[in-house]
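# Structure at a glance
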Amino acid sequence: MAHEYNRFPLELIPEIVAHPEDYRVLSRVPYTEYADGSHFPLVFRETPEPAQSFVFLEMTTAGTRRHDSILELVLIKCYFLPDSGEIVSIDRMVHSYEAPRYQIPSYISKATGITNESISGQSFDYREIESLMRDDPIIVSTRGVRAREFFERRFSSLRGFRWVNSVYDVRWEKIDARLSAGSPLQISCERLGFFYRNNRIVETALVNLWLFSYLKGAVSELIKASSRVEYLVWAYTARFEVKEELKFSGYQWNRERKCWYKHVYTDEEVRAETDYLREKCSTPDAVKVEVLDSRKGDSQK
């Protein structure tokens, strides 16, 4: 039975008919009906064409850097045709929990319903997760690098995959004028006329997958994002008196390395920033450039 706050207000229909300009109707995202995993495998089209594999990944985490952990993990394996962007199949979903070695914070339990008692004794099946990764899929998550950090810390042998942050890395404005890079998944859905329960990560993963199957051109942009190259320009020994200027120029402070850094995206930007920094650092060789791609994590992004 639907909760009262999820019920469509049928009593407002006369008011809606009288003043339709004051209301908007949202439809539930179709893929949310697959949340229990019983529909998979789901084949949309048989084709001899080579298909690109993806794993849509979401997680619930808790803890601090000293003892953090993944409490809930969702991975959905699917295939798209890279040229047309058409979804071929949703092969499998892994949705599992793992009990932490410490008390789950109350605010996380309140938001997710996950408690120490509800997941006591449960753990992730490494072989099941590893089997999803055997054909080198592109991993897609709304949490980006933060999800990658947690995942690779828990599954240290599953590194070197291409990861894409579907919120920031995809140029949504090129796909649909109603969308923009950086907008949360829930907002993007609402702009398209859809809704889902964003407090359930299994629905978040399914909705993220649906969005790429729903919008023409989205898969192409996703594949482009998985092939991106970025650069980190590091400024070691930058003089103290230029810190405000560096901040103004878009640099951020890295506490671990005790230096300044900035993301840039072209060779021209690299040359411009290195020339600029050589005047701000104590020695010219204190400027370093690190090349990043979607197979290499960046703990600062």
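Notes on the structure in this doc start here. Nothing here was measured: the structure is a model prediction, and the numbers come from that model. (Residues numbered from 1 in each chain as written. Predicted model: local features only at pLDDT ≥ 70, side-chain atom pairs only at ≥ 80, totals over all residues. Heavy atoms only, no water.)

### As for the environment of Pro-48
Mapped onto the elements of the fold, Pro-48 is located in the loop between strand 2 (42–43) and strand 3 (52–63). Taking the relative accessible area as the measure of exposure, Pro-48 reaches 82% and is therefore exposed. Along the backbone, Pro-48 and Glu-241 are 193 residues apart, and their C-alpha atoms lie at a distance of 63 Å. (Helix = DSSP H or I, 4+ residues; strand = E, 2+ residues; numbered from the N terminus. Buried < 20%, exposed > 50% of the residue type's maximum accessible area, 1.4 Å probe, protein only.)

### Regarding the sheet that holds strand 10 (residues 252–254)
Pairing within the open sheet is antiparallel, and its four strands lie in the order 10-11-9-12. For this open sheet the edge positions go to strand 10 and strand 12 (287–293), each flanked by a neighbour on one side alone. Taken pair by pair, the neighbouring strands of this sheet meet at an average axis angle of 35°, ignoring direction. As defined by bridge partners, strand 10 adjoins strand 11 (residues 259–264) across three bridges and the pair is classed as antiparallel. Across the sheet, Gln-252 pairs through a bridge with Tyr-261, a residue of strand 11. The sheet contacts of helix 10 (residues 267–278) involve strand 9 (229–235), strand 11 and strand 12, and relative to strand 9 the element is tilted by about 0°. (Pairing = 2+ DSSP bridges. Axes fitted to C-alpha atoms, helices over the stretch in contact; angles between N-to-C directions. Contact = heavy atoms within 4.5 Å.)

### Examining the side chain of Lys-262
When you line up the elements, Lys-262 lands in strand 11. The class for Lys-262 is buried, based on a relative accessible area of 17%. Polar contacts involving the side chain of Lys-262 include one to the main-chain carbonyl oxygen of Ser-249, which spans 2.7 Å. Dropping the residues within four chain positions of it, Lys-262 is found in contact with Tyr-231, Leu-232, Val-233, Ser-249, Gly-250, Tyr-251 and Glu-273. (Polar contact = N/O pair within 3.5 Å; in protein donor to acceptor, adjacent residues only side chain to side chain.)

### Observations concerning the sheet that holds strand 4 (residues 68–80)
With mixed pairing, the six strands of this open sheet are ordered in space as 2-5-4-3-6-7. On the outer flanks of this sheet lie strand 2 and strand 7 (162–165), each paired with one strand and no other. Sitting on the sheet, helix 4 (residues 145–154) touches strand 3, strand 4, strand 6 (138–141) and strand 7, and the angle it makes with strand 4 is about 105°. Docked against the sheet, helix 7 (residues 201–214) engages strand 3, strand 4, strand 5 (87–97) and strand 6, running at close to 30° with respect to strand 4.

### A few points about the packing of aromatic side chains
On inspection of all chains with the given rule, the structure shows 16 aromatic pairs. Where Phe-151 meets Phe-155, the ring centres are 4.9 Å apart and the plane angle is 45°; that geometry is what we call tilted. On the basis of relative accessible area, Phe-155 is assigned to the buried category, the value being 1%. Between Trp-172 and Phe-212, the aromatic rings sit 5.1 Å apart at their centres with planes inclined by 50°, giving tilted as the arrangement. Here Trp-172 is found in helix 5 (residues 172–175), whereas its partner Phe-212 is found in helix 7, with 40 residues between them in sequence. By the burial criterion, Trp-172 is buried, and Phe-212 matches it. Taking NZ or CZ as reference, Arg-153 lies 5.4 Å from the ring centre of Phe-150, over its face. (Phe/Tyr/Trp six-rings, centres within 6.5 Å; stacked < 30°, edge-to-face > 60°. Lys NZ or Arg CZ within 6 Å of the ring centre and 35° of its normal.)

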